[in-house]
Amino acid sequence: MNPNDPTPPTDAELAAASMTVALPQRDTSPLRDRLAAAASLLQSVDKPPTEASLIFSRGGSAPVEAVPIGSGITVGRGSDATVCLEKCADLSRRHFCVRPQSGVWLLEDLGSRNGTTIDGADERITRRLLKDGDIIFAGDLLFLFVNPAD
Amino acid sequence: MDLATRLSLLDRLKQASADADWRHFYAKYNAVILSFARKQGADDHTAEDVLQESMMVVIRKLPTFDYDAQQGRFRNWLLTIVTHKVREAKRRSHVDRLLSMDALSADDEDSLHGRLAAEDSSATENLEDSWRQSLLDEALRRVLADSRTKPESVEVFRACALEGQPVGEVAARFGLKENAVYQIKNRMMTRLQEIVAAMEGGQAAPPPIAGE
């Protein structure tokens, strides 16, 4: 249906559409809210990432940072964590990690005390494949996973 | 972190992009993308993943995308993004299932690639048709939900265009002349085409409708 050459829908297409159009529309507003948060973080980062990264702020007036994941990163308040957030008391020393696995990105909770959740759901995760735009909650911080190369 | 804290964190961030272009894009295309993903074999959950990942691309690219360059370009751009995201979501879903069995061997990976390639070749045959049908689904939903359309016109259109009832029978049922039934059908068809053409071209939406 090119606007330069508008082709009217056929009877078969209309009939097919009429069978699907009565279905209830899925409520995607929680997704829209997460996208709004993602857009805001992407706007706030100095240089938009060009590879899989976590975007977050250390809280307060701290700037938004983007950390490339590369071959894998750990996040926690311990000094041995790749992303060390020592002032975040609700984070475990090694809270969660993200690493590549078989061409996808895997998030694992590292046995943290307060747990890791995704996209605002209550369920604590132990392991989850990530997709572009997922929001990870840990401690009192949130981390946006982005994968612009995909 | 409790739910209230999570919502508060999200709320603070989402205020910052309240008027962004991507929101208009989302309002226009989210149902089309979900519908297209389902037609490519995605379940509801996977379709929403496709929508999320497609929107992330849009959020990054939309500020620099030139709508006026070529009308056909927008359709191709969007279709390419969504098709790719459907493929990625399927791949992730397969890997997820294999990982849940705890070991992903080289044989598993080979088998995964083979299966995905086979699925791709069958799915891509009708991409254009699926996209057109998804646009039509959404256009029809908008036309039928448009509060400016008389309920009788909707019923007449349903009967003659969607359910295939003879015009004579529809006219008699609604106490109309046959010519009036044809006019209603033609008006609604024109409206459908306008909405689909606007969505295909990435143009400004036709006049707003209820619920949008």
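Residues numbered from 1 in each chain as written. Chains lettered and ligands numbered in written order. Predicted model: local features only at pLDDT ≥ 70, side-chain atom pairs only at ≥ 80, totals over all residues.

**Describing the overall build of chain B**
- Assigned secondary structure in chain B consists of 9 helices and 0 strands.
- A buried classification covers 36% of the 212 residues belonging to chain B.
- Relative to all contacts within chain B whose residues are 6 or more apart in sequence, the contacts with residues 24 or more apart total 69%. (Helix = DSSP H or I, 4+ residues; strand = E, 2+ residues; numbered from the N terminus. Buried ≥ 20, exposed ≤ 12 C-beta atoms within 10 Å, placed from the backbone. Contact = placed C-beta atoms within 7 Å.)

**Section: the confidence of the model for chain A**
- Residues of chain A with pLDDT of at least 70 account for 83%, and the chain-wide mean is 85.
- Averaged pLDDT values for the elements of chain A fall to 62 in helix α1 (residues 11-21) of chain A and rise to 97 in strand β3 (residues 73-76) of chain A. (pLDDT = per-residue confidence, 0-100.)

**Observations concerning the packing of helix α2 (residues 21-39) of chain B against helix α3 (residues 44-61) of chain B**
All names here are of chain B.
- Between α2 and α3, the shortest axis-to-axis distance is 9 Å and the interhelical angle comes to 145°. As α2 packs across α3, the resulting crossing turns out to be right-handed. Residues Trp22, Phe25, Tyr26, Asn30, Ile33, Leu34, Ala37 and Arg38 of α2 lie in contact with α3, whose contacting residues are Thr46, Ala47, Val50, Leu51, Ser54, Met55, Val58 and Ile59.
- Grouping the constituent residues of the contact of α2 with α3 by class yields 12 nonpolar, 3 polar and 1 charged. (Axes fitted to C-alpha atoms, helices over the stretch in contact; angles between N-to-C directions. Left-handed = near helix turned anticlockwise from the far one by under 90°. Nonpolar A, V, L, I, M, F, W, Y, C, P; charged D, E, K, R; others polar.)

**Some remarks on the sheet that holds β3 of chain A**
- One open sheet holds the 5 strands; their spatial order is β4-β3-β5-β6-β8 (chain A), and the pairing between them is mixed. The sheet is open, and its two borders are formed by β4 (83-84) and β8 (127-130) of chain A, each paired with just one other strand. (Pairing = 2+ DSSP bridges.)

**Some words on the environment of Asp80 of chain A**
Residues and elements named next belong to chain A.
- With respect to the helices, strands and loops of the structure, Asp80 is situated in the loop between β3 and β4.
- When the 9 C-beta atoms within 10 Å are taken as the criterion, Asp80 is described as exposed.
- Each C-alpha atom of the pair Asp80 and Phe143 lies 19 Å from the other, and the pair is 63 residues apart in sequence.

**Let's talk about the sheet that holds strand β9 (residues 135-138) of chain A**
Residue and element names in this part refer to chain A.
- The 5 strands are arranged β2-β1-β10-β9-β7 in an open sheet whose pairing can be described as antiparallel. In this open sheet, the two edge strands, each paired with only one partner strand, are β2 (64-68) and β7 (116-118). Taking the axes of each pair of neighbouring strands and ignoring which way they run, one obtains an average angle of 25° across the sheet.
- Where β9 lies against strand β10 (residues 141-146), 4 bridges are found, and the strand directions are antiparallel. Its bridge partner being in β10, Phe137 is matched across the sheet by Leu142.

**Here we look at helix α7 (residues 151-162) of chain B**
All names here are of chain B.
- The end-to-end C-alpha distance of α7, which contains 12 residues, comes to 15 Å, matching closely the 16 Å that a straight helix rising 1.5 Å per residue would cover.
- Taken together, the buried positions of α7 are occupied by Val156, Phe157, Ala159, Cys160, Ala161 and Leu162.
- Where α7 terminates, the next one or two residues include Gly164, which has phi positive at roughly 70°. (Expected span 1.5 Å × (residues − 1).)

**A closer look at the pairing of β3 of chain A**
- One ladder, built from 3 bridges, connects β3 of chain A with strand β5 (residues 96-101) of chain A; its direction is antiparallel. Counted as the bridge partner of Thr74 of chain A is Cys97 of chain A from β5 of chain A.

**Description of the pairing of β5 of chain A**
Residue and element names in this part refer to chain A.
- One ladder, built from 6 bridges, connects β5 with strand β6 (residues 104-109); its direction is antiparallel. Note on β6: the bridge partner recorded for Cys97 is Glu108.
- Linking β5 to β6, which pair antiparallel, is a turn of 2 residues; within it Ser102 sits at a positive phi near 50°.

**Some remarks on the environment of Arg38 of chain B**
- Tracing the backbone through its elements, the reader meets Arg38 of chain B in helix α2.
- We classify Arg38 of chain B as buried; it has 21 C-beta atoms within 10 Å.

**Side note on unusual backbone geometry**
- In this structure, Ser102 of chain A takes a positive phi of about 50° despite not being glycine.
- Looking at where Ser102 of chain A falls in the secondary structure, it is placed in the loop between β5 and β6.

**Things to note about the environment of Lys185 of chain B**
Residues and elements named next belong to chain B.
- Along the chain, Lys185 falls in helix α9 (residues 178-201).
- Taking the number of C-beta atoms within 10 Å as the measure of exposure, Lys185 has 18 and is therefore partly exposed.
- In sequence terms Lys185 and Phe157 are 28 residues apart; their C-alpha atoms lie 5.5 Å from each other.
- Non-local contacts of Lys185, meaning those with residues more than four positions away in its chain, are made with Phe157, Cys160 and Ala161.

**Looking at the packing of α7 of chain B against helix α8 (residues 167-174) of chain B**
Residue and element names in this part refer to chain B.
- Look at α7 against α8: their axes get within 9 Å of each other, and the N-to-C directions meet at 150°. As summarised for this structure, α7 and α8 are arranged roughly antiparallel, according to the angle between their axes. Along this stretch, α7 crosses α8, giving a crossing that reads as right-handed. Each of Glu152, Val156, Ala159 and Cys160 in α7 lies in contact with α8, whose residues at this interface are Val167, Val170 and Phe174.
- A breakdown of the residues in the contact of α7 with α8 according to their chemical character gives 6 nonpolar, no polar and 1 charged. (Parallel < 35°, antiparallel > 145°, perpendicular 65-115°, else oblique.)

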